[in-house]
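Report on the structure
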Amino acid sequence: MESSTLTHTTATIAASTLLLLLVTCMPAVSVETDADHCVWYGQCGIDPKTNAPLNCLYNGTAKPLADPKAVDLLQKLCPQYATNGSDSRTCCSYDQLQTLDLNMVLPRQFLLRCPSCYSNFLQLYCALTCNPQQSRYLAVQKTAEGDEPNTTVITSLDYYLSADYANGLFNSCKDVQFPGNNQKAIALFCGRAADECTPQDWLNYMGDTSNHKTPFTIDFVLTSTPLTRNDTRSVYYPMNDTIIPCSEATSNATHSCSCQDCQAACSAPTPPVPPRQPWRILGFDAMWFVMVCSFGGFIALFVPLVVWSLARGRADAYGKPRRDRELFTCCAKDESRVTEVKPSCLEKLNARCECMLRRSFTCWGVFCAGHPMLVLFAGLVISVSLSCGILMMQVTTDPVELWSEPTSTVRMQRDYYESHFVPFFRTEQLIIRAVDKDPIVHEYYPQGQQQFSSIFRKDFLHQVLDLQLSVERLTVHDEKLNRTVSLGDVCFTPLAPDNTNCTVQSMLNYYQNSHEMLDKVALDPDFQMFVTADYIDHFMSCVSDPVAIADMSDLHTPCIGTYGGPVAPWTALGGYPGFEYGNASALLISFIVQNRKSDPEFLQMAMSWEKAFVDFMKSYKNENLTISFNSERSIEDELERESQSDIITILVSYLIMFAYVSIALGHVRDGYRLLVDSKISLGLGGVLIVLVSVTTSIGTFSYAGVPVTLIIVEVVPFLVLAVGVDNIFILVQAYQRSVRRSDELLHEHVGRMVGEVGPSMLLSSLAETTAFFIGSMSSMPAVRAFSLYAALAVLVNFLLQITCFISLMTLDSKRQERYRVDILCCVRLNQKTEHVKPVTTEDQEGFLYKMVKHCYAPALLSKYIRPAVIIVFVGWIFACVAMVNKIEIGLDQSLSMPEDSFVLDYFKSMNEYLSVGPPVYFVVKDGFDYTTREQQNKVCGGNGCSEESLLGQLYKASTQPASSYVAHPASSWLDDYFDWSATSPCCRVYKNTDEFCNVSVVNDTCVACDIHQEQGRPAPEDFVHYLRFFLEDNPNILCAKGGHAAYGNAVELLHNQTSIGATYFMSYHTVLKTSADYINALESAQQISQNITRSLGVPGVEVFPYSIFYVFYEQYLTIIPATVQSLGLCLAAIFVVASVLLGFDFHSAGIIIVTIAMILLSMMGLMYLWSIPLNAISLVNLVMTVGIAVEFCSHITRAFATSVKLTRVERAKDALTEMGSSVLSGITLTKFGGIVVLAFSKSQIFQVFYFRMYVGIVLFGAVHGLAFLPVFLSYVGPTVNKKRLQTWNEIDANRGPCETDPLLQSSDSKQSVET
């Protein structure tokens, strides 16, 4: 959009053919004498096509220049022929010199940045125009009658050039840049792409009258030896003047061309950065190689130990004595020996902490069970008060706020850019393909045929133009503003107020968006029967010179867009190889809309028009066109639509989980008691507590002004439900399995159960809460917000469960004891004697409990299964470690869209057809002094500039696009300002007001600016004063480098336009298709900017890159350390909390951490295998994994640590029996029902990041917690606490629940004693 609007670059070619002022009509002038002479002198005719003067035929000796002005002009242009002052004899008159000077205006603007190129170019035309020995290498071919009586003008001649001279001239100019248009200047003089241009092509185009700039034909004949013409027998010697290479200066007062304009002037190129090679060992992936070797080493150590242990077990069976039958044990295992060993201080502390926790929770449970209504009322009041904060809730949907830290580097750079320049434009784009794929064949008269793709069918282009014009005419009535909005109200108009046409980047703008121009043809001049040029010829000319005001075909129609700017072919065409634009398979049409973020009314207008655009495209039908489309607002609209549709999916998922919880809590002993023993009301109460904990968390933070994100709404309930339901099942099932003592009241019974399981609930909940609060230290906004809300929700959930749920459970127990029906509490069943049976321990055990106790635990912990489990899990973990470094980083933008979204089709088309990537701006912050030559040389790219300047480094980067991701050299307002200021017609002012006067204005009061030049640049005192004129100047045929269109927004003028603030230099990224491409492009641009900043060496002045996608991808530059930090801090917090709440049992805490780490590694392995990339969403899920993993690990580990069984295997069985069924039913089965629903969501994000990851969380949590952990504990778990064991042996079975130490009993053991 900021490409320069050089309305007439083709005029450059005029300059190229400069003054080809010839007019001959006869075969090579016959030479009457051997002396060299002129072939023309003076001007005596006008070419009717170009309105340019023609030269008079003259066959005589050179003439002196009598006019001093002519001598001065000759000295300026062709000093090699002005050695004798006024006595200098030449073949050119003053008029011819003036024409030469005028025709050099544009070449001077484009080529003077490389002095040797311009000098060689000027020399070519000086030798043509003024050399007194013209007849040596010029042969007149055709002449015509002049406008004046008895005169003849030359209309065609041959110009013999040395091939070496032509190649040298071409080589000195081929790399000269045209910064304003991000291309090479030679393309404007060659009629084709710079990379396709050759010396002969260049000369042919400049000498061909079909370019409509040259008034007569010049046939450049390249030869290395003298040629004799057959018709005249005259000998012609090729012109072979000295060529100055671009790497050399033209004089001591000038510099050689810069590296940017001359490859030969560059120092040894930096070798391209080699692509990152995968780490390999012996030809194998290194991580896999290391992990396989490590696993082999583990097997070599573990298997012999297992075999040795089993062998010892068999030996014991034959009566041979041995110390123990347990692998990896270090202490005696019979009760008598254990009780004889004195407990350590740590064991005593551990036992006391355990006793203190049990007593505290028992007393608390007794209180809550004894005063249920009071507790429920207090909980309700507090929860509702905090939940009311939801009324103040602020929902964040802005992707920038979601994924970018306000204080991050890129975020602050983005804010800096938008505060100093115009925010990046809003783009509405169409990608159009033809349904009919058959190519067309175009007839070139008289050359032959060429094939073009199907999108160049004229009827197809007419249909596309109809669509484009329909979009441009779209209007919509904005209800909020009560006004009609059109594209013209919101579009970008780079040349306003002079030109108010909207910027539409479209190939059809080559035809000025006109059906008539598309149909226009040129016929042969002789018979008017054959088409010599049509829309295809015009297209081929325009892609070579997009800024031409008249193409090189016989049509002579403009290529410049209606908005006054060029349409670069790579922005309007897609799906073509190399520069084969005729083989493009798609048309790209971009409507550029302004993005005035600080103007809410304008933004509302823009979004209203965009909505009308989307609605129109959704309803548009054309069987011949395949269209993909997108607007600036489409992604946000589709995300909102997706969120609304996902609400149903989420609700169904949660309803399934709620229903399961409500039903599964019940423990029905017989059919008659079904309605009494069911726990639907209690289950609903538990689920309601889970929901209230979420609303309380959201309300509390809403009071604090912390915004809510969709991730919080979607993920936190899942997390809290996992934690909450697990605790619910643990409480209820512990109560159901416990038989009330004969002397125990209901509230005492409930209190005793709370004392047993409360410490375990505290351990898991506090560990998770602390981990999440620590996780909120993350620099990623999404992770930080999730962690804050999750931490408070888990904490509130625990507090409500340990208070309100205990009270609900007490009330439900009273209902059950009174034979009242569940839910319908007023209904009471008759208590029949046959249904009143003594309650035994077996009656209290549910199906899952029995299955775990009698089947699963004995099988899992058998002597052959245990080592197999260890081997399988260790092998899996080694495999996961090998896969961790292969997880893709990023978020494919297509995943954020619903499966039925039109934006998905646009993303697919964009990846397939776009030919250039997003623009990138290299911003120089305020504080740099552009007025001094020393500082200018650190930035500019022309002659005299440092090779390591800003433009120089960007140019070098563009030569290595595969590694730098920079596609083109950057546009440079500084270099174009130098050229503009040095071009005499460009800068004019009204002498009465000193205001700028464009060169196209005809006004006697406009005079040339008095710009003081120092070596081709404005003097420091004039630099800023005239810069504002440059930025106001619209390009035109006489001054193609006016900076209004290209740089109007690139330079910030401060202090009433008396000083320069921030500026930018724009380039383009290469085509970016994957997240890795976007991340690498950002990283490369930052590295380039850092190097430039160091090269500038100005304290306080920084150069940084800005592109619209940077703010979303910055997170991925640091996501690996951020992931390690977040997960590491969570694990550290869990270790500290677990150690303290387990009575400083560091051994057990370490086992919990190891198991959680294994679950995390398993999740990462799943991410690789199931193509789940690492990004903020998956990182949130990994943090949540830590929290849920605590539930799978902590309860069983604590049960193991507090068990008083004598061997590790027995204690592992005991722990698995007591807690395994609750974990299995509380988390695993509950979650699977809800997770399955997520698979049917239309949201790809739900399918990938929620369904897949939630399945992994539950699956890996369950298998690690219920399979690996018990086996792991049976091998390396802590030994039995001797203080706890001794206390157990001293317990009197008849003591009550509040006496000495009965709280140290395990539930199973106490039940056996009581029975």
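Residues numbered from 1 in each chain as written. Predicted model: local features only at pLDDT ≥ 70, side-chain atom pairs only at ≥ 80, totals over all residues. Heavy atoms only, no water.

A word on the confidence of the model for the protein. Overall, the prediction assigns the protein a mean pLDDT of 84, with 90% of residues at 70 or greater. Taken element by element, the predicted model of the protein shows its lowest mean pLDDT in helix H1 (residues 10-16) (36) and its highest in strand E34 (residues 1103-1106) (97). The low-confidence segment residues 316-336 (pLDDT under 50) makes 33 contacts with residues lying over four places distant or belonging to another chain. (pLDDT = per-residue confidence, 0-100. Helix = DSSP H or I, 4+ residues; strand = E, 2+ residues; numbered from the N terminus. Contact = heavy atoms within 4.5 Å.)

As a further point, take the packing of helix H11 (residues 345-370) against helix H25 (residues 746-775). To describe two helices that pack against each other, one gives the angle between their axes and the distance between the axes. The interhelical angle for the contact between H11 and H25, taken along N-to-C directions, is 130°, at an axis separation of 7 Å. It follows from the interaxial angle that H11 and H25 lie oblique. Considering only the axes of H11 and H25, their crossing is right-handed. In this structure, H11 contributes Leu 357, Arg 358, Phe 361, Thr 362, Gly 365, Val 366, Ala 369 and Gly 370 to the contact, and H25 contributes His 747, Glu 748, Val 750, Gly 751, Arg 752, Val 754, Gly 755, Glu 756, Gly 758, Pro 759 and Leu 762. (Axes fitted to C-alpha atoms, helices over the stretch in contact; angles between N-to-C directions. Parallel < 35°, antiparallel > 145°, perpendicular 65-115°, else oblique. Left-handed = near helix turned anticlockwise from the far one by under 90°.)

Let us look at the nonpolar core. Core analysis: the largest hydrophobic core is formed by 300 residues, its most contacted members being Leu 430, Met 507, Leu 573, Phe 786, Trp 973, Phe 1023 and Leu 1027. At 21 residues, the largest contribution of residues to this core is made by helix H43 (residues 1244-1276). Among all residues touching Leu 573, those that are not within four sequence positions of it are Ile 455, Phe 456, Met 507, Phe 539, Tyr 581, Ala 584, Ala 586, Leu 587, Leu 588, Tyr 913 and Ser 915. (Core = buried A, V, L, I, M, F, W, Y, C linked by side-chain atoms within 4.5 Å. Buried < 20%, exposed > 50% of the residue type's maximum accessible area, 1.4 Å probe, protein only.)

Moving on, we come to the pattern of salt bridges. Within this structure, the stated rule accounts for 31 salt bridges. Among the salt bridges present, the one from Arg 483 reaches Asp 489, with a minimum N-O distance of 3.3 Å. Relative accessible area serves as the criterion here: at 29%, Asp 489 is assigned to the partly exposed category. When the shortest N-O distance is used, the salt bridge between Asp 637 and Arg 633 registers 2.6 Å. For Asp 637, a relative accessible area of 26% translates into the label partly exposed. Salt bridges here are not isolated pairs; linked through shared partners, they connect Arg 414, Asp 415, Glu 418 and Lys 597. (Salt bridge = Lys/Arg side-chain N within 4 Å of Asp/Glu carboxyl O.)

A separate point is the packing of aromatic side chains. Enumeration over the complete set of coordinates arrives at 60 aromatic pairs. Sitting above the plane of the Tyr 41 ring, Lys 63 keeps its charged end 4.7 Å from the centroid. A cation sits over an aromatic face here: Arg 866 above Tyr 1275, 4.4 Å from the ring centre. (Phe/Tyr/Trp six-rings, centres within 6.5 Å; stacked < 30°, edge-to-face > 60°. Lys NZ or Arg CZ within 6 Å of the ring centre and 35° of its normal.)

Tallied over the full model, the rule gives 15 disulfides. One disulfide bridge connects Cys 38 with Cys 91, the sulfur atoms lying 1.9 Å from each other. The sign of the -85° torsion about the S-S bond sets the Cys 38-Cys 91 disulfide as left-handed. Here Cys 38, found in the loop between H1 and strand E1 (40-46), pairs with Cys 91, found in the loop between strand E4 (89-90) and helix H3 (94-103); they are 53 residues apart in sequence, far enough to count as distant. By relative accessible area, which is 0% here, Cys 38 ends up buried. Given the relative accessible area of 0%, Cys 91 is considered buried. Linked covalently through their sulfurs, Cys 986 and Cys 1039 form a disulfide whose S-S length is 2.0 Å. Around the S-S axis, the bridge from Cys 986 to Cys 1039 shows a dihedral of about 115° and counts as right-handed. (Disulfide = S-S within 2.5 Å.)

Next up on the list: the sheet that holds strand E33 (residues 1059-1068). Backbone-to-backbone hydrogen bonds join strands into a sheet, with any given pair of strands oriented parallel or antiparallel. Taken together, 4 strands build an open sheet; the order of strands is E32-E33-E27-E34 and the sheet is antiparallel. Each edge of the open sheet is held by one strand with a lone partner, namely strand E32 (1051-1054) and E34. Strand after strand, the sheet turns through a mean of 20° between neighbouring axes, direction not considered. In this sheet, E33 lies alongside strand E27 (residues 919-924) in antiparallel orientation, the contact comprising 6 bridges. If you follow Val 924 over to E33, its bridge partner there is Thr 1063. Taken strand by strand, helix H34 (residues 973-982) contacts E32 and E33, and its axis lies near 110° from that of E33. (Pairing = 2+ DSSP bridges.)

Take the pairing of E32 next. Residues in a regular strand point their side chains to alternate faces of the sheet. Both faces of E32 are covered, namely the face carrying Val 1051 and Leu 1053 and the face carrying Glu 1052 and Leu 1054. With 3 bridges joining them, E32 and E33 adopt antiparallel strand pairing. Note that in E33 the partner of Leu 1054 across the bridge is Ser 1059. Between E32 and the antiparallel strand that follows it, E33, lie 4 residues; His 1055 among them carries a positive phi value of about 50°.

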